[in-house]
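Descriptive analysis of the structure
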Amino acid sequence: KAVKPTGVRPSIYIVRAGERSKSMSALHDVLAFFERRNIDRAGVVIAVGGGTVGDLAGFAASVWLRGIRLVSVPTTLLAMVDSSIGGKTGINGTRSKNAIGTFWPPSAVVADMECLETLPATAYRDAFAEVVKYGVAMDRGIFDLLRVERPQLLEGDPRALQRVVFRSVTAKALVVARDERERGPRAILNYGHTAGHALEAATGFRVSHGRAVAFGMRVAARIALSLELCGPRLVQAQDELLAAYGLPDRSPAADPDRVLAAIEHDKKARRGRVAWVMPRRLGHAEPGHVVPSGVVRRMVRKALA
Ligand SMILES: NC(=O)c1ccc[n+]([C@@H]2O[C@H](COP(=O)([O-])OP(=O)(O)OC[C@H]3O[C@@H](n4cnc5c(N)ncnc54)[C@H](O)[C@@H]3O)[C@@H](O)[C@H]2O)c1
Ligand SMILES: [Zn+2]
């Protein structure tokens, strides 16, 4: 509807909902569609949807004719605050998530808060984990905004949402602008994701990404506290904010040994050391911390007790 008045006649391709669409065969089908419709170098891919659509369509745009323009129209809160920003595209390998992909920044990102009205409640709420992440690791102002505007945000008030989406996008875009290819500072975006990804893997992805990240932030903050990298007030404030957004209200059911094994696996992937992102004070975290494995073991077990 929004494109029609411009005189451009869009070719519409519908992607099946869900992670399974981030596959080689789904990519093949999208590219075959571009070919059938004779999409040339002046073509623009407009990705309307959640993170899965954005990742798939972005990847397809980046390889079609060696790359055509991409416009992102994120329709989930997660896609608005996270996946539509930063230029990462991709599909899953047969065993590993997001293993095949490119860096292909969109020419524009258009986020319309109205889209969020139809989003399932859990998907909406779980996405706040990433916003809490920005608040704790990068921008104290986001943390305060989440605290002060909680009733409006949980109700889906578009003005409050716009403020929080704008600040999240800014926080992410600033760090990506400094380090697009993740060679250094961009790693800060992984706050809460070390134990979080391990929990997802250990539970066969039954725990949602947002809830896993919330768990990961709880673990990371407790590790930081025990290494005297932060004070108890930070841990408490983070716990309270996560709880205020219903995240996580109880420990996820997972086998601690599996979670620890998944963290170890991550270690192998990075040539022997896991680099933890450690919070120092509200709004500021540091990537690249090596944590003694005894401390990791203790905190993971405690968080799952
Ligand atoms: N590229 C990146 O930097 C990056 C960052 C974070 C996550 N991701 C990826 O994003 C994906 C997750 O994205 P997601 O959480 O948006 O999930 P999603 O894209 O799977 O969407 C979740 C569900 O919501 C539905 N939906 C989308 N918009 C809706 C709306 N407005 N109303 C009602 N239903 C709607 C979808 O059809 C789908 O069923 C993962 O594949 C993850 O790997 C990528
Ligand atoms: Zn994440």
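Residues numbered from 1 in each chain as written. Chains lettered and ligands numbered in written order. Predicted model: local features only at pLDDT ≥ 70, side-chain atom pairs only at ≥ 80, totals over all residues. Heavy atoms only, no water.

1. Overview of the domain arrangement of the protein chain
Domain assignment breaks the protein chain into domain 1 (1-119) and domain 2 (121-305). Domain 1 and domain 2 are separated by 26 Å when their C-alpha centres are compared. Contact residues are listed per partner, giving 14 residues for domain 1 and 24 residues for domain 2. Carbon and sulfur atoms supply 72% of the area buried between domain 1 and domain 2, which totals about 1700 Å² over both sides. On the domain 1 side of the interface with domain 2, the three residues burying the most area are Val81, Phe103 and Met113, jointly 34% of the side's total. Notably, a salt bridge pairs Lys88 with Glu182, separated by 2.5 Å at the nearest N-O pair. (Domains from an automatic or database assignment. Contact = heavy atoms within 4.5 Å. Buried area = accessible area lost by both parts, 1.4 Å probe. Salt bridge = Lys/Arg side-chain N within 4 Å of Asp/Glu carboxyl O.)

2. Concerning the pairing of strand E7 (residues 284-289)
As paired elements, strand E6 (residues 276-281) and E7 share four bridges and run antiparallel to each other. Bridge pairing in E7 links Arg281 to His284. Between E6 and E7, which follow one another and run antiparallel, lie two residues, and Gly283 among them has a positive phi close to 95°. (Pairing = 2+ DSSP bridges. Helix = DSSP H or I, 4+ residues; strand = E, 2+ residues; numbered from the N terminus.)

3. A word on the packing of helix H6 (residues 140-148) against helix H8 (residues 158-178)
Packing of H6 against H8 leaves a shortest axis separation of 10 Å and a crossing angle of 160°. As far as their axial angle goes, H8 and H6 are roughly antiparallel. Judged by the sense of rotation from one axis to the other, the crossing of H6 with H8 is left-handed. Touching Gly141, Ile142, Leu145 and Leu146 of H6 are Arg163, Val164, Arg167, Ser168 and Ala171, all from H8. Its residues assigned to classes, the contact of H6 with H8 shows five nonpolar, two polar and two charged. (Axes fitted to C-alpha atoms, helices over the stretch in contact; angles between N-to-C directions. Parallel < 35°, antiparallel > 145°, perpendicular 65-115°, else oblique. Left-handed = near helix turned anticlockwise from the far one by under 90°. Nonpolar A, V, L, I, M, F, W, Y, C, P; charged D, E, K, R; others polar.)

4. Brief notes about the pattern of salt bridges
Under the definition given, this model contains 16 salt bridges. Residues Asp257 and Arg301 are paired through a salt bridge, measuring 3.1 Å at the closest nitrogen-oxygen approach. With Asp257 in helix H12 (residues 256-269) and Arg301 in helix H13 (residues 293-304), the pair connects residues that are 44 residues apart, well separated along the chain. Take Asp257: its relative accessible area is 44%, and that puts it in the partly exposed class. Here Arg301 falls in the partly exposed class, since its relative accessible area comes to 38%. Between Glu286 and Arg280 there is a salt bridge; the shortest N-O distance is 3.2 Å. (Buried < 20%, exposed > 50% of the residue type's maximum accessible area, 1.4 Å probe, protein only.)

5. Observations regarding the coordination of the zinc ion (ligand 2)
In this structure, Glu130 (OE), His193 (NE2) and His209 (NE2) serve as the protein donors to the zinc ion (ligand 2), at separations of 1.9 to 2.1 Å. Between the donor residues of the zinc ion (ligand 2), the gaps in sequence give the motif E-x62-H-x15-H. Pair noted here: Glu130 is in helix H5 (residues 128-137) and His193 is in helix H9 (residues 193-202), with a separation of 63 residues, a long-range link. According to the relative accessible area criterion, Glu130 is buried, its value standing at 0%. (Donors = N, O, S within 2.8 Å, 3.2 Å for Na, K, Ca; no water.)

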